[in-house]
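The primary structure of each chain is shown beneath.
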Amino acid sequence: MNYLWAFMILIGVIFAAFNGNLPIVTDAALNSAKEAVTLCITMMGVMSFWVGLMKIAEKTGMIAGLTEKMKPVLRFFFPDIPAGHPANDYIATNMIANIFGLGWAATPAGLAAMESLEELEESRRQMGSSSKKGAVPRGTASTEMCTFLIINISSLQLIPVNVIAYRSQYGSVNPTEIVGPAIVATVISTLAASVFCKIIQKS
């Protein structure tokens, strides 16, 4: 990927030089850098606010309560994860953060969930089997890992915080107008992901 981007940048600079547009490329690079810094500052404020709310919800026990209520959902998507396994808590926290549009806040829980699922698969290897088809080879994603990744990407969202911040940054008259379409789109994507995951699990 690094080579691809370097190649594209180099070709763009060479093409601009041959066409006499190098000053335009320079101005565009400087303006883009300025916008990037401004956007980062905006996103930092928005994400700090929402991550702070998530921390408050965690300290007050709201996250734990929601995690408890999500047990039927987790059992539906991850029937082979043992009850009480730490992966369940990490997955639930990740899903809750994604539902509220806190993609960055969901990342640490997502990484912890993947590590926990890898530990679960390692224990299956040591026992010589998994719940259905035997433990997958080392370095291969398990069914639970693939399911979690797909559900995480489909990401049902009630409040698309990142998109609202982008729209606000670039002068949208009504930045929150995207909420309705985002809910519809993510509901459809999550339903499609759910059907796909269940088909894969049964295959």
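Note that the structure is predicted; figures quoted are calculated from it, not measured.

Here the focus is the overall build of the protein chain. Per the secondary structure count, the protein chain includes nine helices and zero strands. When the helices and strands of the protein chain are listed from N to C terminus, the series reads α-α-α-α-α-α-α-α-α. Its C-alpha radius of gyration of 22 Å places the protein chain more than 25% over the 17 Å reference for a compact globule of 203 residues. Counting only C-alpha atoms, the protein chain reaches 65 × 40 × 30 Å along its principal axes. Excluding contacts between residues fewer than 6 apart, the proportion of contacts in the protein chain whose partners are at least 24 apart in sequence is 63%.

If you look at the biggest cluster of nonpolar residues, it comprises 25 residues, and the most contacted ones within it are F78, I81, I91 and L117. Elements supplying a minimum of two residues to this core: α2 (22-59), α4 (71-77), α5 (86-99), α6 (103-127), α7 (143-154) and α9 (179-202). The biggest single contributor to this core is α5, with six residues. Dropping the residues within four chain positions of it, L117 is found in contact with I81, A87, I91, E144, M145 and F148.

Assignment of secondary structure puts E119 in helix α6. Judged by relative accessible area, which is 56%, E119 ranks as exposed. Spatially, the C-alpha atom of E119 lies 9.4 Å from that of A87, the residues being 32 residues apart in sequence.

Moving on: the packing of α5 against α7. Running from N to C, α5 and α7 point in directions that differ by 15°, and their axes come no closer than 10 Å. Put simply, α5 runs roughly parallel to α7. Between α5 and α7 the crossing geometry is left-handed. Residues I91, N94, M95 and N98 of α5 form the contact with α7, whose own contacting residues are F148, I151 and N152.

Throughout the structure, instances matching the rule amount to two salt bridges. Among the salt bridges present, the one from K71 reaches E68, with a minimum N-O distance of 3.2 Å. With relative accessibility at 48%, the residue K71 sits in the partly exposed group. Judged by its relative accessible area of 47%, E68 falls in the partly exposed class. R167 is paired through a salt bridge with E177; the nearest N and O atoms lie 3.8 Å apart. A residue pair is termed long-range when its members are at least 10 positions apart, and R167 in helix α8 (residues 161-169) and E177 in the loop between α8 and α9 qualify at ten residues. Judged by relative accessible area, R167 falls into the partly exposed class, the value being 25%. Assessed through its relative accessible area of 53%, E177 is described here as exposed.

Calculation criteria
- Residues numbered from 1 in each chain as written.
- Predicted model: local features only at pLDDT ≥ 70, side-chain atom pairs only at ≥ 80, totals over all residues.
- Heavy atoms only, no water.
- Helix = DSSP H or I, 4+ residues; strand = E, 2+ residues; numbered from the N terminus.
- Rg over C-alpha atoms; globule rule 2.2 N^0.38 Å.
- Contact = heavy atoms within 4.5 Å.
- Core = buried A, V, L, I, M, F, W, Y, C linked by side-chain atoms within 4.5 Å.
- Buried < 20%, exposed > 50% of the residue type's maximum accessible area, 1.4 Å probe, protein only.
- Axes fitted to C-alpha atoms, helices over the stretch in contact; angles between N-to-C directions.
- Parallel < 35°, antiparallel > 145°, perpendicular 65-115°, else oblique.
- Left-handed = near helix turned anticlockwise from the far one by under 90°.
- Salt bridge = Lys/Arg side-chain N within 4 Å of Asp/Glu carboxyl O.

These figures come from the coordinates and say nothing about function on their own.
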